[in-house]
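One-letter residues, chain by chain:
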Amino acid sequence: PIEAMNHIDEAVGRCAEMGVPAHFTAGLGLLQDTVCTPRVVAGLAILGKIAESCAKRDVPLIVTTSDAGRLPLETAIIREA
């Protein structure tokens, strides 16, 4: 297990306590770029975990992206959560 993944719920809980939104970005890089694709896909998987945690705690989630091609994927992940 990745230790940082265990702390996502704690970080979102802090956002809920302070009454501030959570912010996420999957980083720079294009989904079509073979060098960046593994990092972007990993970032999208983490987005799913963060979006679920935000939905459970009613914390607004702000997502920024550097690639318009990822926007439909990120929107679908957030809606599913």
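Residues numbered from 1 in each chain as written. Predicted model: local features only at pLDDT ≥ 70, side-chain atom pairs only at ≥ 80, totals over all residues. Heavy atoms only, no water.

### Concerning the environment of P60
At step 1: On the secondary structure map, P60 appears in the loop between α3 (37-57) and β2 (61-64).
At step 2: Leave out the neighbours within four places in its chain, and P60 touches P21 and A22. (Helix = DSSP H or I, 4+ residues; strand = E, 2+ residues; numbered from the N terminus. Contact = heavy atoms within 4.5 Å.)

### Some words on the nonpolar core
At step 1: Within the largest apolar cluster, twelve residues are counted, these being I8, V12, C15, A22, F24, A26, V40, L44, L47, I50, C54 and V59.
At step 2: Only α2 (8-18), β1 (22-25) and α3 provide two or more residues apiece to this core.
At step 3: Of all the elements, α3 adds the most residues to this core, at five residues.
At step 4: Here A22 is in contact with C15, C54, V59, P60, L61 and I62, once residues within four sequence places are set aside. (Core = buried A, V, L, I, M, F, W, Y, C linked by side-chain atoms within 4.5 Å. Buried < 20%, exposed > 50% of the residue type's maximum accessible area, 1.4 Å probe, protein only.)

### Details of the side chain of S53
At step 1: Its place among the elements puts S53 in helix α3.
At step 2: By relative accessible area, S53 is classed as buried at 1%.
At step 3: Among the polar contacts made by the side chain of S53, one reaches the side chain of D9 at a distance of 2.9 Å.
At step 4: When neighbours within four sequence positions are excluded, S53 is seen to be in contact with I8, D9 and V12. (Polar contact = N/O pair within 3.5 Å; in protein donor to acceptor, adjacent residues only side chain to side chain.)

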